[in-house]
Amino acid sequence: LMTIMILKKKFIAIYLGNWFDFPHIFGMSRFLDVLDWIKQTIAKAKDNKNIIWLLKHHPMDKWYGGLPLKDVLPKNLPSNIYIVPSEYSGQAILQKADALITYHGTSGLEFASQGKPVMVADKGWYHDCGFVKYPKSKESYLKYLNEEWYLKKTHINVRSKANTFAGLYFGIPRWQKNCILADDADRDILRETLPEFISKNNLYLKKEIQFISKWLPTRNLDYHTFKMINSSE
């Protein structure tokens with residue numbers, strides 16, 4: 001009987017930011033930090049018994065180290081709130097969950113690109129791009145946790161907008177080809193490969209300099225997006 005009751009409920013994933021991220025650079029103003037946000041979210045969400053809430057820690061938590069999610073939250077969580085084990089794949093959660101709540105995580109793009117409802121708690125880097133629900137205030141956000149916001153139709157082109165945004169944000173122009181540096185966290189690799197990288201990609205780097213020169217006088221905050229929009233393919 002308990003299994004049947006659970007299967008009738010909706011599953012909503014809550015993806016957390018990393019404790020060591022700097023959320024305020026995106027304009028975080030409704031909560032003190034990630035911990036304050038998730039504690040207030042749980043306090044409100046626990047009353048919505050029609051939802052099974054799946055809490056997922058940030059994948060970089062293990063890399064950074066520090067306190068895991070289970071040691072930060074109360075030991076006895078409400079019966080409708082679960083911490084997803086670290087070995088449980090993000091793909092499995094994406095398939096199971098009916099909707100997602102995040103602060104401004106990349107998961108918002110992943111879920112929206114699959115046509116699934118997403119709600120963000122505060123402004124970030126995609127809150128106003130038409131593919132997520134963005135509450136007008138902290139109070140509105142907390143109120144929605146006990147409402148069926150995920151059933152309300154948002155925009156007909158949610159999936160298309162999410163994919164377009166992801167392409168502009170993470171993609172590269174065709175002319176750039178394979179002229180891509182390693183992650184800036186891999187400093188040893190960069191030091192070893194940078195001289196050869198410059199010599200092999202001199203032509204592409206000259207074009208990059210031209211784009212930067214065009215971008216600097218504009219009021220566009222993001223260089224990469226400017227480059228993508230102003231490239232033909």
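Residues numbered from 1 in each chain as written. Predicted model: local features only at pLDDT ≥ 70, side-chain atom pairs only at ≥ 80, totals over all residues. Heavy atoms only, no water.

Some points on the packing of aromatic side chains
- Summed over all chains, the structure comprises 16 aromatic pairs.
- A ring pair is formed by Phe-31 and Tyr-103, whose centres lie 6.1 Å apart and whose planes are at 75°; its orientation type is edge-to-face. Of this pair, Phe-31 sits in the loop between strand S1 (10-15) and helix H2 (34-45) while Tyr-103 sits in the loop between strand S4 (99-102) and helix H6 (107-112), placing them 72 residues apart in sequence.
- A connected cluster of aromatic rings, assembled from ring pairs, spans Trp-125, Tyr-126, Phe-131, Phe-165, Tyr-169 and Phe-170.
- Of note, Lys-214 hangs over the ring of Phe-211, and the distance from its end group to the ring centre comes to 5.6 Å. (Phe/Tyr/Trp six-rings, centres within 6.5 Å; stacked < 30°, edge-to-face > 60°. Helix = DSSP H or I, 4+ residues; strand = E, 2+ residues; numbered from the N terminus. Lys NZ or Arg CZ within 6 Å of the ring centre and 35° of its normal.)

Concerning the pairing of S1
- Of all the 6 residues making up S1, 5 are buried; the element is thus mostly covered by neighbouring parts of the structure.
- Relative to strand S2 (residues 51-56), S1 runs parallel, the two sharing 6 bridges. Counterpart to Lys-10 in the pairing with S2 is Ile-51.
- Relative to S4, S1 runs parallel, the two being bridged by 4 bridges. Bridge pairing in S4 places Tyr-15 opposite Thr-102. (Buried < 20%, exposed > 50% of the residue type's maximum accessible area, 1.4 Å probe, protein only. Pairing = 2+ DSSP bridges.)

Geometric values such as these leave the question of function open.
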